[in-house]
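Examining the three-dimensional arrangement
Take a look at the letters that make up each chain.
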Amino acid sequence: KQEVTQIPAALSVPEGENLVLNCSFTDSAIYNLQWFRQDPGKGLTSLLLIQSSQREQTSGRLNASLDKSSGRSTLYIAASQPGDSATYLCAVVEYGNKLVFGAGTILRVKS
Amino acid sequence: NAGVMQNPRHLVRRRGQEARLRCSPMKGHSHVYWYRQLPEEGLKFMVYLQKENIIDESGMPKERFSAEFPKEGPSILRIQQVVRGDSAAYFCASSREGGRQPQHFGDGTRLSIL
């Protein structure tokens, strides 16, 4: 059974700092991995999707890497801003198309 | 392009009533997924549907819950005889195809049971 773990559970940083969120998964037989952002009381916003054959994806200040063989992904956020404060969720898609989510990292960027 | 539309945004029901949650996928998307987020818990898969077919319902409780995605109209998640433990946020996602395509999420329906 696939399990997804995210570390840390919560993170508080000053504005401008670069930071890394970690995600690990137990079964490497995945189609892809998606990083999402969830604001309180809101839905999920897709940030980056990495196919199983890819190593990384970039969008603006965000960079996500994938090491499928070791079951790890990282989300790198450069020059963090208060508007980046949210819960960040990592999810893998395995055979059958369903997303398996981690519990999330709650990020607070202080101004 | 309109995103995934869910309604209602908030739904209050008394124990024993029925709850119907609706989801209209993004234009051009024929795959729909329902997820549930219980208080203080992560998002869990419930069911995966394509038009007129249930592909995977392995995450659905065996009783009281059902889902459909008819040829015309939105996908419906139906909960009969609701109980307090059904209180949660229910999210719908859609994708153009399965597997390698990203899933796009709606804003969810927050169900509260009195």
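Now for a description of the structure that goes with this document. Computed from a prediction, not measured in an experiment: that's the story for all the values here.

About the cut-offs
Residues numbered from 1 in each chain as written. Chains lettered and ligands numbered in written order. Predicted model: local features only at pLDDT ≥ 70, side-chain atom pairs only at ≥ 80, totals over all residues. Heavy atoms only, no water. Contact = heavy atoms within 4.5 Å. Buried area = accessible area lost by both parts, 1.4 Å probe. Salt bridge = Lys/Arg side-chain N within 4 Å of Asp/Glu carboxyl O. Polar contact = N/O pair within 3.5 Å; in protein donor to acceptor, adjacent residues only side chain to side chain. Helix = DSSP H or I, 4+ residues; strand = E, 2+ residues; numbered from the N terminus. Buried < 20%, exposed > 50% of the residue type's maximum accessible area, 1.4 Å probe, protein only. Pairing = 2+ DSSP bridges.

So, about the interface of chain B and chain A. Listed by partner, the interface residues are 20 residues for chain B and 19 residues for chain A. Summing both partners gives a buried area of about 1,600 Å² for chain B against chain A, and 50% of it is carried by carbon and sulfur. Run the count over chain B and chain A and you get zero salt bridges. The interface formed by chain B and chain A holds eight residue pairs in polar contact (both at pLDDT 80 or more) in total. Where the side of chain B that touches chain A is concerned, the elements lending two or more residues are strand 4 (31-37) and strand 5 (43-50) of chain B.

What follows concerns the pattern of salt bridges. Residues and elements named next belong to chain B. Taken as a whole and assessed by the stated rule, the structure comprises six salt bridges over all chains. A salt bridge links D107 to R9; the shortest N-O distance between them is 3.9 Å. Residue D107 is located in the loop between strand 10 (104-105) and strand 11 (109-113), and its partner R9 is located in the loop between strand 1 (5-7) and strand 2 (10-13); the two are separated by 98 residues in the primary sequence. In this structure D107 comes out as partly exposed when scored by relative accessible area, which is 36%. A network of salt bridges, in which partner residues are shared, links E18, R20 and R78.

Turning to the pairing of strand 8 (residues 75-79) of chain B, a few remarks are in order. Residue and element names in this part refer to chain B. Across the five residues that make up strand 8, a large majority, four, are buried. Two strands pair when backbone bridges link them, and strand 3 (residues 19-24) and strand 8 are joined in this way by five bridges, in the antiparallel orientation. Across the sheet, residue L21 finds its bridge partner in strand 8, namely L77. With four bridges joining them, strand 7 (residues 65-68) and strand 8 adopt antiparallel strand pairing. Residue pairing in the sheet places S66 in a bridge with R78 of strand 8. Hairpin connection of strand 7 to strand 8: six residues between the antiparallel strands, including G73 at a positive phi of 100°.

Attention shifts here to unusual backbone geometry. Cis peptide bonds are those with omega within 30 degrees of zero, and the linkage from I7 of chain A to P8 of chain A qualifies with 0°. Among the secondary structure elements, P8 of chain A is positioned in the loop between strand 1 (4-7) and strand 2 (10-14). With an omega of -5°, the peptide bond between N7 of chain B and P8 of chain B qualifies as cis. Note that P8 of chain B resides in the loop between strand 1 and strand 2. Positive phi, normally seen in glycine, also occurs at R64 of chain B, with a value near 75°. With respect to the secondary-structure elements, R64 of chain B resides in the loop between strand 6 (53-56) and strand 7. For Q81 of chain B, which is not glycine, the phi torsion reads 45° and is therefore positive. The topology assignment puts Q81 of chain B in the loop between strand 8 and strand 9 (88-95). By relative accessible area, Q81 of chain B is classed as exposed at 55%.

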